[in-house]
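Each chain, written out:
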Amino acid sequence: MRLPLLCAALIGLAACSSGNTDGSAATPPAASTAAPAPVATAPAQPSTTASAPATASTAAAASAASPTPAATASADAEDANRPAPKPFVDDGKWVEGKNYFRIDPAQPTSTPGKIEVTEVFSYGCPACFQYHGIVDELAKSLPKGAVMTYTPASFRPDENWPLLQRAYVTAQAFGVDKQSHDAMFDAVFKSGELGMMDQKTGKPKPQSAWPTIEDVAKFYAKFGVKPEEFVATANSFTINTKMKRADELIRAYEVDSTPTIVVNGKYRLTPISAGGYPQSVELTQWLVSKEAAGK
């Protein structure tokens, strides 16, 4: 029984690779007990985007992307109820260059004044699907002064990742990204309505049957967004620009696989480099404490 369990543990820590390599994508250790996930590997390719004129609904969605006073007040109240960061103690457990990697130069964050924890992910990544429940718990466990954000990757056009990146960025514009996040993973990997696999045959769908932005819009209608407005916004200059910025940021982070966690634009880690799913949460919290202490 030990060999099958070991194999399951190794597969469970797999990452969806861009085809580039660094120390963060090393052979996964046997520390994890996560459920198995398929592995995807292919060379990184640039995101493909379609351009269309912005509409009135596009402008409304773009303004919705900026936090309202009520939303800001709610976020501040939630932050005030979080515990203070743990005291930073460096006992040698976590090693730079092995467990986590410095980003040079450090990248600016989208939440000034906060310690930003970012997951680089794709809804099309099997490893991200396995990991997203852990990330949900990580987000809830962050201390006061820390915030969770998400950056969608597009480096697997052979698996329709650019479309899924567009979906997330558009959902952000309409302010429905948080409530739809887990459901999007389910739509790709459980129901298959937005997935690349045929749920009946277990085989990849032909490209002619790949989900389209219209299919994505129907999904987000469940969260109160009119499909025609979603499509118009998704094809707007604003969304194309945000997708391009996400791609640039991922390259600047030197991310070569998903899921990857980035702490405050300075450090990156993966469940593999950390030694397992629980260890990745512990390491992230340690790096947050490090940043809070100004170390």
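As shown above, the structure is provided for reference.
Residues numbered from 1 in each chain as written. Predicted model: local features only at pLDDT ≥ 70, side-chain atom pairs only at ≥ 80, totals over all residues. Heavy atoms only, no water.

Visitor: Tell me about the packing of aromatic side chains, and please be specific about residues and values.
Guide: Evaluation of the coordinates by the stated rule reveals 18 aromatic pairs. Seen in terms of ring centroids, Phe121 and Phe185 are 6.2 Å apart; in terms of plane orientation they differ by 50°. Their pairing is tilted. You can see Phe121 sitting in strand E3 (residues 115-121) and its partner Phe185 sitting in helix H6 (residues 177-189), a full 64 residues away along the chain. Taking relative accessible area as the criterion, Phe185 reaches 0% and is therefore assigned buried. Of the aromatic side chains, those joined through ring pairs into one cluster are Phe121, Tyr123, Phe129, Tyr150, Tyr168, Phe185 and Phe189. (Phe/Tyr/Trp six-rings, centres within 6.5 Å; stacked < 30°, edge-to-face > 60°. Helix = DSSP H or I, 4+ residues; strand = E, 2+ residues; numbered from the N terminus. Buried < 20%, exposed > 50% of the residue type's maximum accessible area, 1.4 Å probe, protein only.)

Visitor: For the sheet that holds E3, give the residues involved together with the corresponding values.
Guide: Backbone hydrogen bonds hold the strands of a sheet together, and the pairing may be parallel or antiparallel. Ordered by their spatial adjacency, five strands build an open sheet running E2-E7-E6-E3-E4, and the pairing between neighbours is mixed. Whereas interior strands pair on both sides, the edge strands pair on one side only; in this sheet they are strand E2 (101-102) and strand E4 (146-152). When E3 meets strand E6 (residues 260-263), the two strands line up antiparallel, connected through four bridges. Within E6, the residue paired with Val120 across the bridge is Thr260. (Pairing = 2+ DSSP bridges.)

Visitor: Run through the environment of Asn240, naming residues and quoting values.
Guide: For Asn240, the location among the structural elements is in helix H9 (residues 237-253). The class for Asn240 is buried, based on a relative accessible area of 11%. Taking the C-alpha atoms as reference, Asn240 lies 7.9 Å from Arg166; in sequence the two are 74 residues apart.

Visitor: Let's hear about unusual backbone geometry: which residues, and what values?
Guide: Going from Asp104 to Pro105, the amide bond is cis rather than trans, its omega being 5°. Considering the arrangement of structural elements, one finds Pro105 in the loop between E2 and E3. The peptide bond linking Thr258 to Pro259 adopts the cis configuration, its omega dihedral lying at 0°. You can see Pro259 is positioned in the loop between strand E5 (257-258) and E6. Notably, Glu254 is not glycine yet its phi reads approximately 60°, a positive angle. With respect to the helices, strands and loops of the structure, Glu254 is situated in the loop between H9 and E5.

Visitor: Which residues make up the pairing of E6, and what values go with them?
Guide: Alternating positions in E6 separate into two faces, Thr260 and Val262 on one and Ile261 and Val263 on the other, with burial throughout. The pairing of E6 with strand E7 (residues 267-269) spans three bridges and is antiparallel. Each bridged residue has a counterpart across the sheet, and for Val262 the counterpart in E7 is Arg268. The hairpin turn running from E6 into E7, its antiparallel successor, is three residues long, and Asn264 in that turn takes a positive phi close to 55°.

Visitor: Run through helix H11 (residues 277-292), naming residues and quoting values.
Guide: Relative to the 22 Å expected for 16 residues at 1.5 Å per residue, H11 spans 23 Å between its end C-alpha atoms, a close match to the ideal helical length. Two residues or fewer after H11 comes Gly294, characterised by a positive phi angle close to 70°. (Expected span 1.5 Å × (residues − 1).)

Visitor: Could you give me a rundown of the pairing of E4, with the residues and numbers involved?
Guide: With six of its seven residues buried, E4 lies for the most part within the structure. For E3 and E4, the ladder comprises seven bridges, and the chain directions are parallel. Each residue of the ladder has a partner; that of Thr118, found in E4, is Thr149. Each parallel crossover has a hand, and for E3 linked through helix H4 (residues 126-141) to E4 it is right-handed. (Right-handed = clockwise from strand over helix to strand, strands pointing away.)

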